[in-house]
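Chain and residue survey
Chain by chain, the residues:
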Amino acid sequence: MYLGWKSGHGGRGNATRRHRWQAAAVGVAAIALAAAGCGSSGSSGSSGGGGGKTTITELDYFTSVGGNAALNWYNQQFEKAHPGVTVKRQAIPFANLMPKVLQEASAGDLPNIVIIDNPDVPAVAATGQLRPINGLPGYTTSGYTSGAIRECTYQGKQYCYPLGANSVGLFYNKQMFAAAHLTPPRTWAQLQSGAKALTTKQHFGIAFDATADEQSTWQLEPFAWSSGGSLTDVTTPAWVNSLQLWVNMVKDGSASKGVLNWGQDPDLTQQFIQKKAAMIVDGPWIFPALNKAGMKYNVDYGIVPIPTQTAAQTAILPLGGETLDLGNSGTDQQKQLAWDWVKGMQLAPAMKHVTSLNYYLPTKPAVTAQVLTQGPQYTVFATESRSARPRTIEYGANYPKVSQASWTAIQSAISGTATPAAALQQAQSTISGIPKVSG
């Protein structure tokens, strides 16, 4: 899940990289897509148009520059590789997607292809209106990271392939660190002391997302999970200590109380660009904004993994990114073409190009290795993705309820209305009544 999709174009280095990929990708991807699909074979059933023409429908929420460009590019390549086929795309705001998907699922009228944020897959699969892809021609799980497959699994069946992957890291201002004679933090103690040392009248030491939504749960999860925490019990020391760390940094002035209202992008991004925060917790989707502001990786800023409580621990991150799902509707031909569409995006040239436009990482390590040759700024995220954990593995379709209980606790603790322990105890009273859902 990227919670916000604020990617876009900007920065000479990335523009050069895109042009280089674009030149090779258009021709190569067309060949790859043709090899992946069955073209216009079969019946001439359509959701519009006649004379042997077929239309398949696709729904997503990529209204930003990068996401919009990626989907339009891919749909054009697919249509070139499948003469007579039109991909009718609808892009709507993120907040409207799930209400629309669930409404259309209840009516048995989902689009042929739906792009869903990965934590929402179980909820949609539970309606019975998504097509399992197990056993479809060309189906395989080989070559993917384990988390990418797990995020698409519900009650033992796989319902999707991932579009791409992302997570969060710690961005830091290199000049501020040099002036304070600091090295990037690896542990919580170093993070807290460093944030304090970096705090001046001009800027805070750190900014993170503690908003009243999934973004704050998503940002606290790496701290708790890396310490052995589980969503089944948020009263454990792993969770209490993680939230206490955030509270401590707000209390000592290292972080602004504004984190209660600052989303990941554009809020945290702008705090970093305007040098109002020496460190932020954020993800690769902010690269376009940093590029546009003239900030260069490894010159103006660096990125390190989310610090862990002890140096011996490994950072465990929540897996972000969207998924490519098939609606259980349409003619046989539309269903076949929709599957061809999904398969085509799993091929290396298309996967590499689509994820590059979105500043995401491929979910196949072999393709990620190709991306890393283009620039080192993705290295931390690529490393994290190997052990990244889907957020739905414990509660499935009920994860959003658990997340709401968690971010409510975060808000209470940061605002000072409850201690971290008390806030999380209240959250647990809700979570204990939420059934776990397989998958």
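Our subject in this report is the structure included herewith.

**Remarks on the overall build of the protein**
Summing up its helical and strand segments, the protein has 17 helices and 10 strands in all. When each of the 439 residues of the protein is scored for burial, the buried share is 57%. Expressed as a percentage of contacts within the protein between residues at least 6 apart in sequence, the contacts between residues at least 24 apart total 77%. Here the protein has roughly 16000 Å² of accessible surface; of this, 54% comes from carbon and sulfur atoms.

**A closer look at the packing of aromatic side chains**
One pass over the structure, following the stated rule, counts 20 aromatic pairs. Every member of this aromatic cluster is reached through a ring pair, and the members are Phe171, Phe272, Phe287, Tyr297, Tyr301, Tyr378 and Phe381. Residue placement shows Arg389 over the ring face of Trp225; its charged tip is 4.7 Å from the ring centre.

**Side note on the packing of helix α2 (residues 65-81) against helix α13 (residues 348-358)**
The relative placement of two packed helices comes down to the angle between their axes together with the axis-to-axis distance. Running from N to C, α2 and α13 cross one another at 155 degrees; their axes reach a closest spacing of 7 Å. The pairing of α2 with α13 is recorded here as roughly antiparallel in orientation. Contacts between α2 and α13 involve Gly66, Gly67, Ala69, Ala70, Trp73 and Tyr74 from the first element and Ala350, His353, Val354, Leu357 and Asn358 from the second. Considered class by class, the residues forming the contact of α2 with α13 number seven nonpolar, four polar and no charged.

**Thoughts on the sheet that holds strand β1 (residues 54-60)**
The strand order across the open sheet formed by five strands is β2-β1-β3-β10-β6, and the pairing between neighbours is mixed. Single-partner strands in this sheet number two, and they are β2 (85-91) and β6 (160-162). The average undirected angle you get between the axes of adjacent strands in this sheet is 20 degrees. Direction of pairing for β6 relative to strand β10 (residues 322-326): antiparallel, over a ladder of three bridges. Note that in β10 the partner of Cys160 across the bridge is Asp325. Here helix α12 (residues 332-345) sits on the sheet and contacts β1, β2, β3 (113-117), β6 and β10; the angle it forms with β1, its principal contact strand, is near 55 degrees.

**Here's the deal with the environment of Ile434**
Inspection of the secondary structure assignment puts Ile434 in the segment after α17 (420-431). Separated by 32 residues in the primary sequence, Ile434 and Val402 place their C-alpha atoms 7.4 Å from one another. Setting aside anything within four residues of it in sequence, one finds Ile434 in contact with Tyr395, Asn398, Lys401 and Val402.

**Section: α17**
Spanning 12 residues, α17 covers 16 Å between terminal C-alpha atoms, matching the ideal 16 Å at 1.5 Å per step. Residues of α17 that are buried include every one of Pro420, Ala423, Leu424, Ala427, Gln428 and Ile431, and no others. Seen along its axis, α17 keeps its buried residues to an arc of 140 degrees; they face one direction. Where α17 is buried, its residues touch α9 (237-251) and α16 (399-415).

**Considerations on unusual backbone geometry**
Following Asp265, the chain continues into Pro266 via a peptide bond in cis, with omega recorded as 20 degrees. By the element assignment, Pro266 lies in helix α10 (residues 264-273).

**Details of the nonpolar core**
If you look at the biggest cluster of nonpolar residues, it comprises 73 residues, and the most contacted ones within it are Phe171, Phe208 and Ile414. Among the elements that line this core, the one with the most residues is α9, at eight residues. By size, the runner-up hydrophobic cluster in this structure holds 49 residues, among which are Phe62, Val85, Tyr159 and Tyr161.

**A closer look at the state of the cysteines**
A full pass over the atoms with the stated rule returns one disulfide. Residue pairing for Cys152: its cysteine sulfur links by disulfide to Cys160, the two sulfurs lying 2.2 Å apart. Between Cys152 and Cys160, the disulfide has an S-S torsion of -115 degrees and is therefore left-handed. Its relative accessible area of 0% is what places Cys160 among the buried residues.

The rules behind each value
Residues numbered from 1 in each chain as written. Predicted model: local features only at pLDDT ≥ 70, side-chain atom pairs only at ≥ 80, totals over all residues. Heavy atoms only, no water. Helix = DSSP H or I, 4+ residues; strand = E, 2+ residues; numbered from the N terminus. Buried < 20%, exposed > 50% of the residue type's maximum accessible area, 1.4 Å probe, protein only. Contact = heavy atoms within 4.5 Å. Areas by Shrake-Rupley, 256 points an atom, 1.4 Å probe, with all protein chains shown as cover. Phe/Tyr/Trp six-rings, centres within 6.5 Å; stacked < 30°, edge-to-face > 60°. Lys NZ or Arg CZ within 6 Å of the ring centre and 35° of its normal. Axes fitted to C-alpha atoms, helices over the stretch in contact; angles between N-to-C directions. Parallel < 35°, antiparallel > 145°, perpendicular 65-115°, else oblique. Nonpolar A, V, L, I, M, F, W, Y, C, P; charged D, E, K, R; others polar. Pairing = 2+ DSSP bridges. Expected span 1.5 Å × (residues − 1). Arc of directions from axis to C-beta. Core = buried A, V, L, I, M, F, W, Y, C linked by side-chain atoms within 4.5 Å. Disulfide = S-S within 2.5 Å.

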